[in-house]
Amino acid sequence: MKKIKVSVIMSEYNTKEEYLCTAIESILNQTFKDFEFIIVDDCGKNNLDEIVEKYNDKRIKIVKNDKNRGLVYSLNRGIKEAKGEYIVRIDTDDIADKKRIEKLYGYIKSHPEYAVVSSKVVEFSENKKLGILGKEGEKSKKDIMHGNILIHPSVIMRKDAIEKVGYYKDYTRAEDFVLWCDLLLAGYRLYTMNDILLKYRVNPEDYNKRKLKYRKGEIKARLEYYPKLGANIKDYLYIIKSVISGIMPIWFVRFYRKNFVLNK
């Protein structure tokens, strides 16, 4: 049996059907064809079987959880089901450039020193471009602590590296941050390409999730991992920054991201 090169992993839970279909189609229409597409059904309201049936594409494999388990469980299950040497992530409301997998796979194959490679992304809301997210280059422990991280749904990852560090850990809204930390601590290397290969959707309600009550998992993860990463006093200021951001009005968070986080 021919070995699959890439497994695309998506976790679905109550995504607006229009967004979900657009995300699925952006993967099926890739120039790179040698992949399987694992969609983990986390027991939401959508009839995923019915949605996927219309595509009649044998590369799609639906894995259904026994009950709603959450993102971390679903991603880990998808990775464990994967037959590919490499894992490509995408969220259910994002849109992949048609050459996304081709470029990611080509880069990580020609740069085996990296365990994870990401791209830059266009952040958008509805049809409005908000800016570019991500900074080119290799990521150090300092980068990760200071917010210069890989954009989670834009990455390609070596499956064996993810297995060796114990998969995603269950930190609410910080599972990607913890994974990058675990990989760096294990001696793996991370890199962001200069290419913009994903449209990263930000819905208005997403800003509500930036409030302090939703940041507990992130703050807990930072407090646990910063000592392991060799943080100094200045590094801990980034935790304070996260707390302050969580108590600021939503309009101010939007303004700050637009003017100080996103590249034009």
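Above this text is the structure in question.
Quick look at the structure, then. Quick caveat, the model's predicted, so the values are computed rather than measured.

Attention shifts here to the overall build of the chain. Helix and strand counts for the chain come out as ten helices and ten strands. Expressed as a percentage of the 264 residues in the chain, the buried residues total 51%. Within the chain, residue pairs in contact and separated by at least 24 positions form 77% of the contacts whose partners lie at least 6 positions apart. Accessible surface, the chain as shown: approximately 13100 Å² in total, 51% of it carbon and sulfur.

Moving on to the nonpolar core. Core analysis: the largest hydrophobic core is formed by 38 residues, its most contacted members being V116, M157, F177, L179, W180, L183 and L190. Of all elements in the fold, only strand 2 (35–41), helix 3 (71–81), helix 5 (141–145), helix 6 (159–164), helix 7 (175–185) and helix 8 (216–229) reach the threshold of two or more residues within this core. Sorting elements by how many residues they give to this core places helix 7 first, with seven residues. Residues M10, L20, C21 and Y107 belong to the second largest nonpolar core, which totals 37 residues.

The subject of this paragraph is the side chain of S11. Secondary-structure assignment places S11 in strand 1 (residues 6–12). For S11, the contacting residues outside a window of four places in its chain are V40, L71, S74, L75 and T92.

Let us look at the packing of helix 7 against helix 8. Packing of helix 7 against helix 8 leaves a shortest axis separation of 11 Å and a crossing angle of 15 degrees. Put simply, helix 7 runs roughly parallel to helix 8. Once helix 7 is placed against helix 8, the crossing between them reads as left-handed. Across the interface between the two elements, F177, V178, C181, D182 and L185 from helix 7 touch A221, R222, Y225, Y226, K228 and L229 from helix 8.

Burial along strand 4 (residues 86–89) is two-sided: the face carrying Y86 and V88 and the face carrying I87 and R89 are both buried. Where strand 1 lies against strand 4, four bridges are found, and the strand directions are parallel. Bridged to I9 within strand 4 is R89. When strand 4 meets strand 9 (residues 156–158), the two strands line up antiparallel, connected through three bridges. Residue pairing for strand 9: V88 is matched across the bridge by I156.

Procedures and definitions
Within each chain, residue numbers correspond to sequence positions counted from 1 in written order. Note on the predicted model: pLDDT of at least 70 is required for a residue's local features to be given, and 80 or more for side-chain atom pairs to be given and counted; whole-chain, interface and lining totals, by contrast, use all residues. Hydrogens are left out, water is left out, and the side-chain values use all remaining heavy atoms of the structure. Secondary structure counts use DSSP, requiring at least four H or I residues in a row for a helix and at least two E residues in a row for a strand, with both numbered from the N terminus. Accessible area is worked out with a 1.4 Å probe on protein chains only. A residue is then buried under 20% of its type maximum, exposed over 50%, and partly exposed in between. A contact between two residues is defined here by any heavy atoms of the two lying within 4.5 Å. Computed by Shrake-Rupley with a 1.4 Å probe, the accessible areas treat only the displayed protein chains as cover when residues are assessed. Here, nonpolar core refers to any group of buried Ala, Val, Leu, Ile, Met, Phe, Trp, Tyr and Cys residues whose side-chain atoms link them within 4.5 Å. Here the axes come from fitting lines to C-alpha atoms, over the contacting stretch only for helices, and the angles between their N-to-C directions go from 0 to 180 degrees. Here the angle decides the label: under 35 degrees means roughly parallel, over 145 means roughly antiparallel, 65 to 115 means roughly perpendicular, and every other value means oblique. Two helices cross in a left-handed way if the nearer one is turned anticlockwise from the farther one by less than a right angle. They cross in a right-handed way if the turn is clockwise. When DSSP locates at least two bridges between a pair of strands, those strands are taken to pair.

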